[in-house]
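# Descriptive structure summary
Here is how the chains run, residue by residue.
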Amino acid sequence: MAAELHPCSGKLIGLSNSNRTAQRNQPVQEFNHGLVLSREPLKDRDVFTVRIDKKVNSWSGSIEIGVTSLDPAGLDFPSSATGLKGGSWIVSGCSVLRDGRSVLEEYGRDLDQLSEGDRVGIQRSTRGELHLWVNGQDCGAAASGLPTGLWAVVDLYGKCTQVTVVSCEPPSLAERDTERETVEEREQEDEEEEVVVCGVREEEFGGLTSAVNLAAATNGTLEEVPELPPTNNRPDKFPNNLEPETVLTEHQLFDVLNNAIVSLYRSEDNGGGDLGGGGIGRDSGTGSRGDRGSSSGGGSVNGTSSDSGGGTGNTGSVNSPAGGGGARLGAVTGGMLTNDALLFHEKCGTLIKLSNNNKTAERRRPLDEFNNGVVMTNRPLRHNEMFEIRIDKLVDKWSGSIEIGVTTHNPNNLDYPATMTNLRSGTIMMSGCGILTNGKGTRREYCEFSLDELQEGDHIGLMHKASGALHFYINGIDQGVAAAQTPAVVYAVVDLYGMAVKVTIVHNHNHSDRLRRNNAIMRALSPDVGRPRPAHSLTPDPDTPDRLLFHSNCGQKAAIISEGRTALRPHATDDFNHGVVLSGRPLHSNEVFQVRIDKMVDKWAGSIEIGVTTHNPAYLQLPSTMTNLRSGNTNQSGTWMMTGNGVMHNGTTILDEYGHNLDRLKAGDTVGVVRKEDGSLHFFVNGVAQGPAAWNVPPSVYAVVDLYGQAAQATIMDDVADLPPLPEDSSEGPTVMSPSSPCSVAGGNSANDLRFHQLHGTNAVITNGGRTALRQNCRSEFNDAIVISNRCLRDGELFEIVIQKMVDRWSGSIEAGKIMAGVTAIRPEELEFPNTMTDIDYDTWMLSGTAIMQDGNTMRNNYGCDLDTLTTGSRIGMMRSATGDLHYYINGVDQGVACTGLPPDVYAVIDLYGQCVQVSITSSSGPQDNSLCTSNITEKSFPVHSPVAGVAHRLHSKHGKNVVLLGEGCQAVRVGGYAHGIVFSAKELKTDELFEVKIDEVDDQWSGSLHMGLTTLAPPELPSCPMSGLSPSLTQLRSKVTWLLAGSEVRRNGLLQRQNYGASLDRLTVGNRVGVKRCSDDTMHVLIDGEDMGPAATAVAKNVYAVLDLYGRVTAVSIVSSSVLEDAGSVKAPSLSSDSCSEGEEDRTPVEGGEPALVPNTVMTFLENHGKNIQLSHENLTAARVSSYNQGLLVTAQPLPRQQLFQFQIDRLNASWTSSLSLGVIGHSPDRLNFPSTACCLKRSVWLLQRDSVFHNSLKICENYGPNLDTCPEGTVLGLLVDGNSCLHLYVNGMDQGVAAQDIPTPCYPLIDLYGQCEQVTIVTNNVATVGGESIKARCQGDMEKADMVDGIKESVCWMPHPEVNPNKTCEYQALCSRFKDLLTLPDGYFNEDAKYNLCYCESCHKLRGDESYYKRGEPPRDYALPFGWCRFALRIKPHCDVSNSFKQWHIAYHGTSVGALRRTLDHAQLLSGTSSIFSVSPVKTEGPNGYSEPEENSSNSLPDRDRERDREVPRVQLSPTMRYSGLEMFAPKVQFRDPRSHCCHQAQVGFQVCVRPGSYKVGPQTLGAIEPLDPRFSNTEIEWITKDQGGTLLYGLLIRVE
């Protein structure tokens, strides 16, 4: 068969070299979609061999090769070869997979380790076996039973980016003989491999016999005493000079020694053991310990023993301790060579590699994959048998670590899950410090240890007791009963999850190390054992040094210097964690521990963390970071840390928005912590108290500093005299007073004295001088966070707050509200703060959602705004008018009268309920200059929704066969059965348009209930007969994408996406209302009785219909909603603001090409809140990144108005870095935004343009948009614009690149990330014009028409874009083409001296200029295509050329040629039919080995011969209006060259851009026999031009393309 690749391939593959070379495009951005197959099926014994040409180091994994029975001509190519099904065998790494499932591990050579130049081949033998060949060597049979008719498969995956087919033929005889010898040698080596036998030397038993007898006498039996596994000599953090007698009591020491000794003699269900030694004599099933070491008891190599002494598993009583011991020691060495030894089962997780005789298990690709690492024992556990493993290797990339447990599943029959906690039957696992039974937590705090905190060398064991109890052991310490009753037959199971990479089963024991480690661990657990604990009084002992210093026991990567005052990470640029340090003694009450940051590095994210812990540093095994320490099991112990601007307790966040962000601190800043006498914990930043962070913190806590991320060194500050005194706290009952709240209750005289009162709900915290309120424990508590104003509101005074923080913890639950706002006449001192303000039954008016409530009862529904739809950045205001009316304001817009008759002297009330976590009083609060104090504006009128004529929403006429529509399509009734009740909305739903129905009838004889959702299935596309086009139920509707809610389950195309979403639809009855809508963030929301259940599904398409299924109990519904347009027109009240309009009015405004309405220009400046490496200047118009390559985020201080273009210029680039700036918009207020290191870390309401892609909330939504921003040179002007349809546009040098994203919210703020090369930008303030005037693009084209003459030829001949909008001085592709031109050694006199006329048409450059793909030129006008992908070098026009004005009427065409014909063509300054161009009808001369043709003799003697040749032939020169035709390889052959700068090999092609005189050529069809269109603009019948007029063409530019 031909050694070629099939033209059908993966979507990122490009084929060349006659389909022998395959290259994966975008190799740095994409790692898959690189599948190629052989052109024809393989013949038996043919080895399809490819050579690896190129590899990159950006990814893991590499080439994969195999065979498939799938025909590539009709194949839907998956992203990788492992996705091929239907008879496919793939070799990946060193594994063999069939249809995506592993069938063989450890096969052949690891393909991931091959290098460039290595050759890989695949073969089907005549016996139907699959063979892999690597560099000519056969790796043996990988699979058998292969069918015939198989295509070779090559996957350019991961690192592998280019391959070339080198052969497809049977192997030579020499190769087969060599391979046969290699296989025989390998088999011989396997036979000679040494067998490792684990045993115990006899001398290890010396001196312990009496201790064993004493232990047996004391404890009665040996079987109930757990084994204590060894430590493998692992260094630990405990002092090395601890002696047992000084730490343990005599009784405790005896217990530890007893456990250690008994571990030598434990039985494996009275069978052969895994310890070596002499046998024990046996009499009637019992063994004598005095006979240990007798010759009659020696175990044989084959696992048998003599009758007199060798014990076996079948001899002796099962429950006899003595018999068990005899059997144990009788087997000794022989036991290890039988099948009784506990090993790992050979069937295991897909990423597991077994070694060391199946005693060691390791997870492959630990930095790429975190699961699929399950291993099980080769047999069930015996009663009282210890299964123990040692952790050999961990990685610090993932969260979570090893999990261990037991299961009733037989490994031979188990389909291994990705992680064992996914199994829902017969499995008990220890995960972290808890116990999970069948995947569900049954014990949250099982032990003090957490498996996630264990380190390399630690041991984990388990034992299945005869009583059925399951015990776990950590480093020999019994953790107690994990499960009281377990089945009789269980297998041990280990899950190498997350950080855990490699473990080994432990059989032998080092008892001295075990005893020493156990003593240290017991001291860590019980510091009082064996030593008096020092009593720390609040008054330091004057005779004892009491200076606060760092403890010498610190993190692995930390060091203590300066006599304990300074802590540092010496290698801070290499590691970002393991920098935990603690104080040398506990803190006294009211004692401030403060450190100064001495040194920081810019490499990492995150920074210093500080807090307190109850753990003694002398005995603490320090974690990698202190927030990972979760050993405290109550609220009264453990660790409290301030990290970023949040507070964590035992690794769980208790305050999200607490104080100043520690990640923003720099060298020289200080941080501190103090525990007050009342048990409250406070933090300081630069001496400023941040308020209470936690309560009920126990005394005697140690200070903790975590030198994490950027923080490299810190020093303890002894002088704390300048710190401000802490305010006093008080607490009475459920009402808590925050110390930072104003003390005044009476109203002040100033206009801006509105604050939150110091009295508030239990879970509320007041900070920022009384202007900010937040709910602590926001993810575990949703109420008890009521805050109230510090004084009464005056008439006409606005109390306004802004929502600063929300969480999605409570979406979709019964507590899914967001915020409630209102007023109360109850004084704060008299108010007993309830759970929520709606619980108060007097003198209180609240707005909850859209309902106005008085004294807890709803007095009105459907008020003009819905508080549950507000998001972060939204503003809510309340005002009592002079006439006693209550008005609400949303984002400054009055929503009308909510209720009347309010008494004077009311307080503003905010209930931080559900999702709303933090609010702050805005500067708009205070007296307002408006007329509402005596306003007579009438209350808004709202429609009463009912299924009567006039309601806009209707049901579509096409529906399920059992449905009848009534009331002009407003009511649906199911008339038979329980199914076939699907109905649709009559029209597509608009964004945020609610479609709602009310349940009219139910039939309790059926189960199930209404289903509701959204679908992309358009009802008009259904057949006229509904029963033939609709499924019986909505869950089976899968012809188009459908999102639905069934019960409380969210499904997509019938597949479960989410459980327990909101209230169940199965509970609805007559009168309940159900609605659905698609929100602007592409999410589906379901509303039940007007209450939004939160986002049910994401990534919902735009063009969707509402769909519901009258299923089961629900038999009739009626519509109670109307369309957005009708609501907008009927309910919008007269607005006091002249510039406000409804969304519906905006939607109805047509977008035309004429003059749009003028928008007042807003002067934009950069906000003071920005990335920490940013420095602003020139009145905040210029921003520069002053260090590092990141932390350069910018936002504008003003929101971007619709239709206004925001532009900035790139001032400075630094070529030392890679990549460059990104820009976009953010949909919430940036005033309090905590900027991450890069913009791609922002994941909420962010649209970002990066390189040539568009991202929404860090997810890529569009590729190949606009130019590559990384290639924008200095001077480029970039702009952002949001049009009237809420679409985001990018402008490059004034040219619109089209719509980048849709549904941009209002307000939005421009966002710029000065990343990598881009170091400085400046906002363009001149000519800030709204869209609608003359575009820059139009002006540029007009300028080109009026261009001056250059060398007698108009610049506009080739439509060269205006130089001012074209500069890209840093284009690497243009530089590469220029270097190739230099290698051609063409005289400089041929080329235009002005380099500005040299144009690069690479993707980035032509997008920067805003080039169109096609232009018209000449008289009559004729289309031509720009040569995208080529680079043009302008040629000098010869003086003899016609430079008259008629020349501008010539057409543009292209001519492909060979490198060898360039010089001759340039010498004649025109295309000649007699040149060696591939277009010429003359024979093409053979090119030399260097890719250049032999030079022709240029003498006058040859001219008559050529003239006679022309006389005999019709001279013809072929042209084309597109380089897609002229640039084909048969016209422009490729030549290989080596780049003198990079020394890389490339292939190049050349051609000419020419001007052609109209009428001098004929248009004809292509001559290649191509079937597919070569260019979408030009027909194949008109794509080739032929000219006979030598003077009818003029060379204008040399074109070069480099691959």
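Residues numbered from 1 in each chain as written. Predicted model: local features only at pLDDT ≥ 70, side-chain atom pairs only at ≥ 80, totals over all residues. Heavy atoms only, no water.

### Thoughts on the sheet that holds strand β40 (residues 702-706)
Strand order in the open sheet formed by six strands is β31-β40-β33-β34-β35-β36, with antiparallel pairing between adjacent strands. The two strands at the open ends of the sheet, each matched to only one other strand, are β31 (580-586) and β36 (652-655). Across the sheet, the mean angle from the axis of one strand to that of its neighbour is 25°, orientation sign disregarded. Summarising the sheet, β31 and β40 pair through four bridges and their orientation is antiparallel. Directly across from Leu582, in β40, lies its bridge partner Val704. (Pairing = 2+ DSSP bridges. Helix = DSSP H or I, 4+ residues; strand = E, 2+ residues; numbered from the N terminus. Axes fitted to C-alpha atoms, helices over the stretch in contact; angles between N-to-C directions.)

### Digging into the pattern of salt bridges
Any two side chains of opposite charge can pair, so long as their charged atoms come close to each other. A full pass over the atoms with the stated rule returns 35 salt bridges. Note that Asp415 is salt-bridged to Arg101, the shortest N-O span being 3.2 Å. With Asp415 in the loop between β20 (403-407) and β21 (427-431) and Arg101 in strand β8 (residues 101-104), the pair connects residues that are 314 residues apart, well separated along the chain. Of the two residues, Asp415 and Arg101, neither departs from the other in class, the shared state being exposed. (Salt bridge = Lys/Arg side-chain N within 4 Å of Asp/Glu carboxyl O. Buried < 20%, exposed > 50% of the residue type's maximum accessible area, 1.4 Å probe, protein only.)

### Structural notes on the pairing of β20
In terms of burial, β20 is largely enclosed, as five of its five residues are buried. Along β20, one buried face is formed by Glu403, Gly405 and Thr407 and the opposite face, lined by Ile404 and Val406, is buried too. Sheet topology places β20 next to β21; five bridges connect them, and they run antiparallel. Residue pairing in the sheet places Glu403 in a bridge with Ser431 of β21. Inspection of the sheet shows β20 paired to strand β27 (residues 491-495) by five bridges, in the antiparallel sense. Bridging from a neighbouring strand, Glu403 pairs with Asp495 of β27.

### Here we look at the nonpolar core
Counting residues in each nonpolar core, the largest one holds 39 residues, and the members touching the most others are Phe593, Val595, Ile608, Ile610 and Val705. A total of four residues in this core trace back to one element, the largest contributor, which is strand β32 (residues 592-600). Ignoring any residue separated from it by four or fewer positions in sequence, one finds Phe593 in contact with Leu548, Phe550, Ser583, Leu587, Ile610, Val671, Gly672, Val673, Ala703, Val705 and Ile716. One finds Leu354, Ala361, Leu451 and Leu462 within the second-largest nonpolar core, a separate group that totals 38 residues. (Core = buried A, V, L, I, M, F, W, Y, C linked by side-chain atoms within 4.5 Å. Contact = heavy atoms within 4.5 Å.)

### What about the sheet that holds strand β70 (residues 1105-1109)?
The six strands lie next to each other as β61-β70-β63-β64-β65-β66, forming an open sheet whose pairing is antiparallel. Here the strands that pair on one side only, and so sit at the sheet edges, are β61 (982-984) and β66 (1055-1058). The average angle at which neighbouring strand axes cross in this sheet is 25°, direction not considered. Pairing between β61 and β70: three bridges, direction antiparallel. Of the residues in β70, the one forming a bridge with Val983 is Leu1108.

### Some remarks on the packing of aromatic side chains
The final tally for this structure, using the stated rule, is 22 aromatic pairs. Here the aromatic rings of Tyr978 and Tyr1111 are separated by 5.9 Å at their centres, their planes lie at 80°, and the arrangement is edge-to-face. Of the two residues, Tyr978 sits in the loop between β60 (971-974) and β61 while Tyr1111 sits in the loop between β70 and β71 (1114-1119), which places them 133 residues apart along the sequence. One aromatic cluster is present, built from ring pairs that chain together Phe31, Trp59 and Tyr157. Across the ring face of Phe1433, the terminal group of Lys1381 is positioned such that the distance to the ring centre comes to 5.5 Å. (Phe/Tyr/Trp six-rings, centres within 6.5 Å; stacked < 30°, edge-to-face > 60°. Lys NZ or Arg CZ within 6 Å of the ring centre and 35° of its normal.)

### As for the pairing of β60
Every other side chain in a regular strand lies on the same face of the sheet, so the side chains alternate between the two faces. Direction of pairing for strand β59 (residues 963-966) relative to β60: antiparallel, over a ladder of four bridges. Considered in β60, the bridge of Leu965 is made with Ala972. The hairpin turn running from β59 into β60, its antiparallel successor, is four residues long, and Gly967 in that turn takes a positive phi close to 55°. When β60 meets β71, the two strands line up antiparallel, connected through three bridges. When the bridges of β71 are listed, Val973 appears paired with Ala1116.

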